[in-house]
Amino acid sequence: MNSPLFIANLALTVVLLGLTIHAGLTHRRRRHYVLVALTVTALAAAIVQAELYGRGFRFEPWRLGVHLACAFSALATLPGVAWSGLGLARARVRRVVHRRWVSAFVTLALLAIATAGFMFLNARRLA
C-alpha cells in the first residue's frame, strides 16, 4: 500500500460523500441511492487500505485510540443512516430524523479523518 493510492481513495470517498449529500438535499433520489452505494464501497476500501497502510507505522497509543473511537463511532451510525433513509423513502420516518443521523455520521467521519492526520503527525515508519 502506498501513500498516493491511499490518499486518492480517501479523497474519492470524501468527494462521493459530498455528492451523496448534495443529491439527497436536492431530492435526486435515484442519484442519491447510486451515490450511497458508491460512497459505502469507497469507504470500505479506504478502511481496508488504512489498515494495510497503518501497519507500516508505529503510532502513539492515545492518538490511535482517539482516532479509532471516532472511526468506530462513525461506523456505528451507519445503521441509523440506512434505517432512517429507508424509512424516509417509505414515508415512515421524518426527514429531520434522517438528517440528524447523516449529520452525526458526517461529523464523526470528518473527525476520524482529522484524527488520522493528527495520528500521523508523529508516527514512526517501521523498518
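Provided above is the structure to which this section pertains.
Below you will find a few notes about this structure. (Residues numbered from 1 in each chain as written. Predicted model: local features only at pLDDT ≥ 70, side-chain atom pairs only at ≥ 80, totals over all residues. Heavy atoms only, no water.)

1. Focus: the overall build of the chain
Here is step 1: Within the chain, the regular secondary structure consists of four helices and two strands.
Here is step 2: Ordered by position from N to C terminus, the α and β elements of the chain give α-α-β-α-α-β.
Here is step 3: With the C-alpha coordinates aligned to their principal axes, the bounding extent of the chain is approximately 55 × 25 × 15 Å.
Here is step 4: Residues classed as buried in the chain amount to 30% of the 127 residues present.
Here is step 5: Expressed as a percentage of contacts within the chain between residues at least 6 apart in sequence, the contacts between residues at least 24 apart total 72%.
Here is step 6: Of the roughly 8300 Å² of accessible surface on the chain, a fraction of 69% belongs to carbon and sulfur atoms. (Helix = DSSP H or I, 4+ residues; strand = E, 2+ residues; numbered from the N terminus. Buried < 20%, exposed > 50% of the residue type's maximum accessible area, 1.4 Å probe, protein only. Contact = heavy atoms within 4.5 Å. Areas by Shrake-Rupley, 256 points an atom, 1.4 Å probe, with all protein chains shown as cover.)

2. What to know about the nonpolar core
Here is step 1: In this structure, L17, L43, A74, V81, F105, V106 and A109 together form the largest nonpolar core, which totals seven residues.
Here is step 2: Of all elements in the fold, only α3 (61-89) and α4 (95-120) reach the threshold of two or more residues within this core.
Here is step 3: Sorting elements by how many residues they give to this core places α4 first, with three residues.
Here is step 4: In this structure, F6, Y53, F57 and F59 belong to the second largest nonpolar core, which totals five residues. (Core = buried A, V, L, I, M, F, W, Y, C linked by side-chain atoms within 4.5 Å.)

3. Some points on the packing of helix α1 (residues 3-25) against α4
Here is step 1: In contact at an axis separation of 12 Å, α1 and α4 are set at 165 degrees when each is read in the N-to-C sense. Classified by the interaxial angle, the pair formed by α1 and α4 is roughly antiparallel. The handedness of the crossing between α1 and α4 comes out as left-handed. Across the interface between the two elements, L10, V14, L17, I21 and L25 from α1 touch R99, F105, V106 and I113 from α4.
Here is step 2: Of the residues that constitute the contact of α1 with α4, the class distribution is eight nonpolar, no polar and one charged. (Axes fitted to C-alpha atoms, helices over the stretch in contact; angles between N-to-C directions. Parallel < 35°, antiparallel > 145°, perpendicular 65-115°, else oblique. Left-handed = near helix turned anticlockwise from the far one by under 90°. Nonpolar A, V, L, I, M, F, W, Y, C, P; charged D, E, K, R; others polar.)

4. Remarks on the environment of E51
Here is step 1: Structurally, E51 is set in helix α2 (residues 29-54).
Here is step 2: At 3.2 Å, the side chain of E51 forms a polar contact with the side chain of R55. (Polar contact = N/O pair within 3.5 Å; in protein donor to acceptor, adjacent residues only side chain to side chain.)

5. Overview of α1
Here is step 1: For α1, with 23 residues, the first-to-last C-alpha span of 33 Å sits near the 33 Å given by 1.5 Å per residue.
Here is step 2: On its buried side, α1 packs onto α2 and α4.
Here is step 3: Count one or two residues on from α1 and you reach H27, which has phi positive near 60 degrees. (Expected span 1.5 Å × (residues − 1).)

6. Here we look at the side chain of T115
Here is step 1: Relative to the helices and strands, T115 is located in helix α4.
Here is step 2: Given the relative accessible area of 11%, T115 is considered buried.
Here is step 3: Apart from residues lying up to four places away in sequence, T115 is in contact with V66, H67 and C70.

7. Some points on the packing of α3 against α4
Here is step 1: α4 packs onto α3 with a crossing angle of 160 degrees between their chain directions and a minimal axis gap of 8 Å. Taken together, the axis directions place α3 and α4 in an arrangement best described as roughly antiparallel. Here α3 and α4 pass one another in a crossing that is left-handed.

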